[in-house]
Amino acid sequence: VLFRSEKDCALLVDTGHALHGPSLMAALAETLGGRKLFVLLTRSELDSLGNLPLLIDAFPGVEVLTTSSLPPTGLIHMRRGSRADVPVHYIGTDMPLSALGFARLRALNPVIKLLGTCWAHDERTQTLFSADFFGAALMQTQNDPALLRDASGLPSREAIKRTILAKFSWLARAEIHEVLAIWDRAFATLKPNVIAPKHGRPIVGEALVARTIEDYRAAVAMCREAVRA
């Protein structure tokens, strides 16, 4: 996802796996133009930063944004140049990125996470970029539409629970009432119209997103119930 700013810059949310490097570069060549590129990394894993070396080589002056305390350039193999040549901005959560010209974007502290992770929220389109959460709705065939716009493609709560526990196994032994209280506080004010996870299909539409949030909340509660059983 590429955002343009009033400062004639662009911001990319995550870089994807290195396997997808050629398609990423083709998309950027078509849309970036001569704009300066910023990259927001939602977490310190290779599916978020796998193409960072490619971008650094291709676009001089790339700058990185992260909420993680881990140095992102320390997790990649540089092809040319030095890690010290890549500016890294450590940003706080629940703050707009106005200083860089992206006033419509805000970094959020995730409700549920495993590593140092951030979500991002586009206040103009009400899109929630949810990193490694809300990713259970997968394409079943290559002909399925990439965007999920109707309830027929939604996974069951049981399927959501299995997907959650595969990544966030700590939920099976969490004080679940505290987790759900944090969830309820977050989504009392956060009302997205689109959920865009790093994995899985983006979910589009106010009613469909509201149902998705409700289903995931129920599935999170089921994670703890599974251990008790």
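Residues numbered from 1 in each chain as written. Predicted model: local features only at pLDDT ≥ 70, side-chain atom pairs only at ≥ 80, totals over all residues. Heavy atoms only, no water.

In this section: the nonpolar core. Within the largest apolar cluster, 33 residues are counted, with the highest numbers of intra-cluster contacts made by Phe133, Phe134, Ile164, Leu171, Trp183 and Val220. Only α4 (157–167), α5 (176–189) and α6 (206–228) provide two or more residues apiece to this core. The leading source of residues in this core is α6, at 8 residues. Of all hydrophobic cores here, the second largest spans 18 residues; its members include Leu24, Leu41, Leu52 and Val64. (Core = buried A, V, L, I, M, F, W, Y, C linked by side-chain atoms within 4.5 Å. Buried < 20%, exposed > 50% of the residue type's maximum accessible area, 1.4 Å probe, protein only. Helix = DSSP H or I, 4+ residues; strand = E, 2+ residues; numbered from the N terminus.)

Taken as a whole, this structure holds 16 salt bridges when the rule is applied. For the salt bridge of aspartate 122 with arginine 104, the shortest nitrogen-to-oxygen distance reads 2.5 Å. Pair noted here: aspartate 122 is in strand β8 (residues 119–122) and arginine 104 is in strand β7 (residues 102–108), with a separation of 18 residues, a long-range link. We classify aspartate 122 as buried; its relative accessible area is 1%. For arginine 104, a relative accessible area of 22% translates into the label partly exposed. One salt bridge connects arginine 211 with aspartate 215, and the closest N-O pair in it is separated by 3.6 Å. Pair noted here: arginine 211 and aspartate 215 are both in helix α6, with a separation of 4 residues, about one helical turn. For arginine 211, a relative accessible area of 41% puts it in the partly exposed group. Aspartate 215 gets classed as buried once you look at its relative accessible area, which sits at 9%. Linked by salt bridges that have partners in common, Arg43, Glu45, Asp47, Asp132 and Lys167 make up one network. (Salt bridge = Lys/Arg side-chain N within 4 Å of Asp/Glu carboxyl O.)

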